[in-house]
Amino acid sequence: MTGCVFAIQKFSTRDGPGIRTTVFLKGCPLRCLWCHNPESQSPECEIAFLAARCIGCGACAAACPAGCHDLAGGRRFDRSGCTRCGRCVEACCAGALEKIGKFLSPEEVLREVLLDRRFYERSGGGMTVSGGEPMAQFPFTLALCKAAKAEHLHVALDTSGEAPREQYEAMLPFVDLFLYDLKAADPVKHRTLTGRDNARILENLRFLDRNGAAVLLRCPLVPGLNDSEDDLAGIAGIANGLARPHDLTVHPYHPLGVEKSLRIGRRPALEMREFAAPETVDRWLAFLRSRCRCGVALN
Amino acid sequence: MDIKTRFDIQRKRILGRVGMNPRILWRDHRAIRRRAAEEHEDLPWELRVAHMNRALLTALRFQLAPEELMIGRVCPPPPESPEEQAECEAYFKEHPWGFAPGQTGHAAPEMDELLAVGIAGIRRKIESRCSGVFAESCRIALDGFSRMIAAAASAAREAGNPEIAERCERLTEQPPASFRDALQLIWFLCLGIEVGDGAGLIVPGRLDRRLIGFYLNDLASGRITREDARSLLAQYYLLLNDFCENGLAYSVMVGGDTVNELSYLALEALRYSRLTYPSVGICVNRTTPHDLKALALDIIAEGLPNPAFFNDELIRQELCRQEIPAAEAGDYINSACVEITPCGASNVYVASPYFNLCGTLLEAMRGSHAASFAEFRAEFLAALDRKIADGVRRQNQFRELRRSRMRRPLQSIFTRDCLERNRDIEEGGARCNWIECSFVGLANLVDSLYVIEREVFNGGLSMEELTRLCETDFAGHETLLLKFRNRYPKYGMGDPELDATVQPLIDHFCAECAKYRMEPDGSRFLPGAFCWIMHQRLGAETCATPDGRRAGFPFADGAGPAQGREEFGPTTAVRSVCSWNHSSLLGGSAFNMKFGKTLLSTPEAREKLLALIDVFLEGGGFETQINVADNETLKKAQKHPEEYADLIVRIGGYTDYFVKLSPGMQQELLLRTEYSGF
């Protein structure tokens with residue numbers, strides 16, 4: 001059994017406690033407008049092109065069996081004929097072409113994760129499974145977390161909540177901490193912003209809450225999109241409505257995902273190129289702190 | 001006057017300095033030395049040198065301002081006209097005693113005895129132990145030292161500070177009776193040796209060990225508070241910054257097998273001095289209190305001069321292996337970056353010399369007709385061995401020149417066992433006379449050998465072709481450069497096969513160095529892997545290398561990966577660096593890590609960094625320093641983002657490499673210090 005993984009990031013310091021390795025899985029049922037890992041949305045492998053690294057040598061054009069690369073009249077990568085064979089990636093020495101998405105078994109992934117075991121032990125860290133939406137590759141994610149627990153690693157799952165409840169139920173014994181996204185309280189708004197409404201997401205959250213799971217709520221906030229006082233009050237309402245207080249972290253919008261969209265030949269869903277201003281973030285924190293009974297922090 | 005004001009005024013004065021620092025002015029001043037030499041031309045040359053020392057010390061004049069807590073700021077020497085300088089040059093060409101090449105100083109002097117018995121006690125020791133010319137030279141130098149302190153007393157009196165004046169008057173003969181006395185005397189000692197003997201980088205060393213008795217006594221008797229001691233240490237630091245020019249290293253070290261309140265205060269004092277010197281290193285072992293390490297990280301996060309973390313157990317073990325008695329093995333100092341010397345007993349030459357590993361590699365490539373990689377590797381090592389032999393020869397020459405022309409009587413008095421052996425430090429009187437060399441560009445060498453094995457001996461490239469590519473900076477063959485840089489694993493990426501090639505190289509360096517014994521005393525020649533700035537300097541004069549490094553580009557710093565190799569993050573870099581044994585590298589083995597400010601911005605984040613450092617040290621790392629990419633450096637780095645390829649971006653749920661971002665975004669991130677996640 002394999003899963004499609006697009007990154008294994010070491011020394012992750014913002015994906016749970018301690019020093020962690022974050023495994024990023026490819027594929028997501030949502031299409032959040034602000035997504036900072038746009039390369040994670042499609043479950044298929046993709047070829048990324050990093051223009052800044054291209055030296056115009058033409059090795060990719062020579063290697064491509066479908067004539068997708070063209071240097072004449074400016075660098076052009078026509079993905080319509082691309083089969084993701086990866087020959088251009090092989091041929092490029094400048095690192096301007098990358099294949100995003102690799103099929104790995106849970107054992108292979110865990111072996112990589114275990115290399116940093118001493119750092120986890122020293123810092124109270126572990127493994128985080130993220131993406132994309134890891135639950136979209138449920139069998140793989142379950143097997144990976146099971147194997148990690150067998151090695152006594154702390155396991156965190158970074159999830160949107162958009163998956164069948166039975167799957168979260170099956171994950172419960174193998175996940176120490178759920179990093180759970182809360183994007184909008186209003187279902188219509190949620191659908192506009194992410195492509196799905198939030199019914200199942202909220203049901204799953206309540207399920208985890210009732211069943212004693214450790215949950216950290218993650219709120220990506222985008223100026224002008226989901227950060228009005230009503231929006232924030234809605235988020236606070238959801239948090240306060242849970243049986244136990246689960247801390248909430250605010251994730252201010254940042255534009256680093258925009259470049260990644262361009263690399264995979266897509267236009268970013270949101271053409272917002274500024275970081276959220278510090279004053280805006282302060283305002284969010286102040287408001288949420290005034291409303292939430294749980295702790296509110298910046299990620 | 002409150003403390004903050006006192007230090008603000010002094011800092012402003014120091015930062016606003018126009019013209020050269022006193023250290024350089026006194027080091028380069030000739031007329032005083034010449035006059036002393038001329039006046040005593042009838043004496044043996046060793047005594048003439050002693051008189052030169054004394055003349056310098058007695059010529060020192062001090063200034064004391066109301067905001068200063070200690071006296072120690074020296075006036076510049078009388079200016080010399082170009083004619084005078086030329087005449088002195090001519091004189092010393094004809095009378096070459098008192099100057100000799102080679103590396104000097106880089107030591108912490110012996111202090112405990114001086115602090116216990118005072119100058120009078122030292123004088124008695126000289127009288128009872130020493131004889132002949134050496135004894136006389138010591139008397140002369142010690143007299144100069146005492147008079148220097150008397151001059152400080154006068155200056156203090158004139159400045160209307162009777163307390164400091166009285167203190168200095170006592171210290172001309174008597175042992176210190178308080179913390180203030182002791183710290184003042186340590187300043188005078190280091191200053192005196194540096195100016196009088198012309199020995200550079202005489203460092204205060206293990207202040208927590210030296211001063212704890214005085215501190216506790218004063219605390220008990222109510223003569224001093226914790227805050228007073230901290231302010232006094234900060235005052236010492238300020239004096240250092242006034243005296244020395246930028247670009248050097250002056251070291252204080254704390255911790256190791258002695259951790260006390262002063263270990264903390266020496267670090268906290270940096271918050272008050274807030275200038276370049278000294279570096280305060282922490283010696284870390286299993287028993288080091290967590291809060292001392294956390295304090296060091298707080299200091300780093302505050303953007304203050306960087307505490308470095310040293311592997312105390314490893315260093316002590318290695319010192320014992322080099323026959324330092326176990327009881328003394330904990331009392332060492334970095335001299336003054338990462339090179340290790342025993343406090344109070346060292347005439348160790350450090351960084352003597354630096355070896356350009358890749359320069360030698362290219363030489364071997366030029367002349368090679370090897371039929372196999374094993375053969376080529378042997379050719380390279382043979383070429384390096386010749387360099388080492390040359391290096392040793394040169395150091396022996398320096399020693400001989402120093403023995404025949406140079407004496408440092410004041411440094412000798414305060415270096416064990418010169419008085420016991422009745423011999424000047426330049427005659428080998430010190431207990432420890434190692435020579436420590438340093439191999440520059442280890443990562444580039446390792447990475448280059450890996451490419452050579454595969455491209456030349458298992459690929460279609462000839463050695464001549466590869467050599468030509470390097471010599472022409474891969475002109476017209478950009479793709480090959482990129483292939484060598486991007487398509488081969490590198491040291492720092494945790495590749496087991498590549499990492500495994502490091503230990504045999506290190507073993508060879510160590511074994512080769514161990515073959516040598518310096519003349520005439522048989523002391524050892526020890527290897528190191530640190531660079532100071534030589535990774536830049538030597539890199540600037542070396543052509544491109546097979547690892548894909550461009551001509552003129554700096555080599556890797558110390559024992560760490562080359563720039564741009566840390567794409568896999570610091571944990572992977574640590575694993576590579578800890579994959580081989582550093583313990584034999586007493587010459588220093590440095591591993592620098594670079595982080596953006598926000599990775600140090602909360603106590604929680606700093607705990608993660610500390611865990612990283614602990615795993616590094618527990619894994620056998622020698623030393624590490626955390627460099628914070630602050631706004632100043634980052635603005636400069638905008639011109640060379642490739643030198644910041646090891647910066648990592650950490651945002652929750654997000655993944656990317658800094659190097660993949662567009663230059664515009666890189667630059668934006670470089671300047672962003674709020675909670676964007678960087």
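It should be emphasised that the depicted structure is a prediction, and the values quoted were computed from it without experimental measurement. (Residues numbered from 1 in each chain as written. Chains lettered and ligands numbered in written order. Predicted model: local features only at pLDDT ≥ 70, side-chain atom pairs only at ≥ 80, totals over all residues. Heavy atoms only, no water.)

Novice: Tell me about empty space enclosed by the protein, and name the residues and values.
Specialist: Applying the stated rule across the entire model yields 12 cavities of 30 Å³ or more. The volume enclosed by the largest cavity comes to roughly 480 Å³. Taken together, 30 residues form the lining of the largest cavity, with Trp-34, His-36, Asp-181 and Lys-183 of chain A together with Gly-653 of chain B sitting closest to its centre. Taken together, the elements giving at least two residues each to the lining of the largest cavity come down to β8 (126-131), β9 (154-159), β11 (215-221) and β12 (248-252) of chain A. Ranked by the residues each element gives to the lining of the largest cavity, the list is headed by β11 of chain A, at three residues. Residue classes in the lining of the largest cavity are distributed as 11 nonpolar, 13 polar and six charged. (1 Å grid on protein atoms, 1.4 Å probe; cavity = no way out; pocket = protein on both sides within 12 Å on 5 of 7 lines; lining within 4 Å. Points joined across faces, edges and corners; volume = space filled by probe spheres on them. Helix = DSSP H or I, 4+ residues; strand = E, 2+ residues; numbered from the N terminus. Nonpolar A, V, L, I, M, F, W, Y, C, P; charged D, E, K, R; others polar.)

Novice: So, the side chain of Asn-241 of chain B: which residues are in play, and what are the values?
Specialist: All names here are of chain B. Among the secondary structure elements, Asn-241 is positioned in helix α11 (residues 226-243). Take Asn-241: its relative accessible area is 7%, and that puts it in the buried class. A polar contact of 3.3 Å, which involves the side chain of Asn-241, links it to the backbone nitrogen of Thr-276. Excluding anything up to four places from it in sequence, Asn-241 contacts Ile-14, Asn-21, Leu-275, Thr-276 and Tyr-277. (Buried < 20%, exposed > 50% of the residue type's maximum accessible area, 1.4 Å probe, protein only. Polar contact = N/O pair within 3.5 Å; in protein donor to acceptor, adjacent residues only side chain to side chain. Contact = heavy atoms within 4.5 Å.)

Novice: A description of the sheet that holds strand β10 (residues 177-181) of chain A should follow, citing residues and the corresponding values.
Specialist: All names here are of chain A. One open sheet accounts for nine strands, arranged β7-β1-β2-β8-β9-β10-β11-β12-β13; its pairing is mixed. Here the strands that pair on one side only, and so sit at the sheet edges, are β7 (102-104) and β13 (296-298). Between one strand axis and the next, the sheet turns through 30° on average, direction left out of account. With four bridges connecting them, β8 and β9 associate as parallel partners. Pairing of Val-129 across the sheet is with Leu-157, part of β9. Against the sheet, helix α11 (residues 278-291) touches β11, β12 and β13, its axis set at about 165° to β13. (Pairing = 2+ DSSP bridges. Axes fitted to C-alpha atoms, helices over the stretch in contact; angles between N-to-C directions.)

Novice: Can you break down the packing of helix α16 (residues 357-366) of chain B against helix α20 (residues 442-455) of chain B residue by residue, with the values?
Specialist: All names here are of chain B. At a minimum axis distance of 8 Å, the contact between α16 and α20 shows a crossing angle of 30°. One element, α16, and the other, α20, form an angle in the roughly parallel class. Taking contact as the criterion, the partners of Leu-357, Cys-358, Leu-361 and Met-365 in α16 are, on α20, Leu-442, Asn-444, Leu-445, Ser-448, Leu-449 and Ile-452. The residue makeup of the contact of α16 with α20, split by class, is eight nonpolar, two polar and no charged. (Parallel < 35°, antiparallel > 145°, perpendicular 65-115°, else oblique.)

Novice: Explain the pattern of salt bridges residue by residue, including any values.
Specialist: All names here are of chain B. Applying the stated criterion across every chain yields a total of 79 salt bridges over all chains. Two residues, Glu-268 and Arg-230, come together in a salt bridge whose shortest N-O distance is 3.0 Å. A residue pair is termed long-range when its members are at least 10 positions apart, and Glu-268 in helix α12 (residues 261-268) and Arg-230 in helix α11 qualify at 38 residues. Here the two residues Glu-268 and Arg-230 agree in accessibility, since each one is buried. Between Glu-323 and Arg-524 there is a salt bridge; the shortest N-O distance is 2.9 Å. Remark: Arg-524 occurs in the loop between α24 (502-514) and β11 (525-526) and Glu-323 occurs in the loop between α15 (312-321) and β6 (332-334); sequence separation between them is 201 residues. (Salt bridge = Lys/Arg side-chain N within 4 Å of Asp/Glu carboxyl O.)

Novice: Got a sec to walk through the interface of chain B and chain A? Specific residues and values, please.
Specialist: Think of interface size as the accessible area that goes away when the parts come together; that is how it is often given. Counting residues at the interface gives 46 residues for chain B, matched by 54 residues for chain A. Interface area, chain B with chain A, both sides summed: about 4,100 Å², of which 58% is carbon and sulfur. The partner of Glu-618 of chain B in a salt bridge is Arg-122 of chain A, with the nearest N and O atoms 2.3 Å apart. Linking chain B to chain A there are 20 residue pairs in polar contact (both at pLDDT 80 or more). (Buried area = accessible area lost by both parts, 1.4 Å probe.)

Novice: With reference to specific residues and values, describe the sheet that holds strand β4 (residues 279-284) of chain B.
Specialist: Residue and element names in this part refer to chain B. On the basis of which strands lie adjacent, the open sheet formed by five strands has the order β3-β4-β5-β13-β12 and mixed pairing. What marks the edges here is a single partner per strand, and that holds for β3 (251-255) and β12 (590-596). Sheet twist, expressed as the average angle between the axes of neighbouring strands with direction ignored, equals 25°. Relative to β4, β3 runs parallel, the two being bridged by five bridges. Bridge pairing in β4 links Val-252 to Val-280. Each of β4 and β5 (308-311) touches α15; the most contacted strand, β5, lies at about 50° to it.

Novice: Outline the confidence of the model for chain B, supporting the account with residue identities and numerical values.
Specialist: All names here are of chain B. In this model, chain B carries a mean pLDDT of 93, and residues with pLDDT of at least 70 account for 96%. The low-confidence segment residues 674-678, where pLDDT is below 50, has 24 contacts with residues more than four positions distant or belonging to other chains. At the level of chain-chain contacts, confidence expressed as ipTM amounts to 0.94, with global pTM at 0.94. (pLDDT = per-residue confidence, 0-100.)

Novice: Give a detailed account of the nonpolar core, specifying residues and quantitative values.
Specialist: Phe-62, Ile-71, Phe-145, Phe-179, Phe-188, Phe-376 and Phe-414 of chain B are the most contacted members of the largest nonpolar core, which has 216 residues in total. If we skip the residues at most four places from it in the chain, Phe-414 of chain B touches Pro-109, Glu-110, Leu-114, Ile-122, Leu-142, Phe-145, Leu-189, Ile-193 and Gly-344 of chain B. The next biggest cluster of nonpolar side chains, apart from the first, holds 56 residues, and it includes Leu-110, Val-155, Ile-235 and Ala-276 of chain A. (Core = buried A, V, L, I, M, F, W, Y, C linked by side-chain atoms within 4.5 Å.)

Novice: For the pairing of β12 of chain A, give the residues involved together with the corresponding values.
Specialist: All names here are of chain A. Across the five residues that make up β12, a large majority, five, are buried. Burial of β12 is two-sided: the residues Leu-248, Val-250 and Pro-252 facing one way and the residues Thr-249 and His-251 facing the other way are all buried. Two strands pair when backbone bridges link them, and β11 and β12 are joined in this way by five bridges, in the parallel orientation. Among the inter-strand pairings, Leu-221 is bridged to a residue of β12, identified as Pro-252. This β-α-β element, β11 to helix α9 (residues 229-241) to β12, shows right-handed connectivity. Sheet topology note: the β12/β13 ladder contains three bridges and is parallel. Bridge assignment links Thr-249 to a residue of β13, and that residue is Ala-297. (Right-handed = clockwise from strand over helix to strand, strands pointing away.)

Novice: Please set out α9 of chain A residue by residue, giving values where relevant.
Specialist: Residues and elements named next belong to chain A. Taking 1.5 Å of rise per residue, 13 residues should cover 18 Å, and α9 covers 18 Å from first to last C-alpha, within 8% of that figure. Inspection of α9 places Asp-231, Leu-232, Gly-234, Ile-235, Ala-236, Ile-238 and Ala-239 among the buried residues, and these make up the whole buried set. Buried residues along α9 sit against α7 (187-194), α8 (199-210), β11, β12 and α11. (Expected span 1.5 Å × (residues − 1).)

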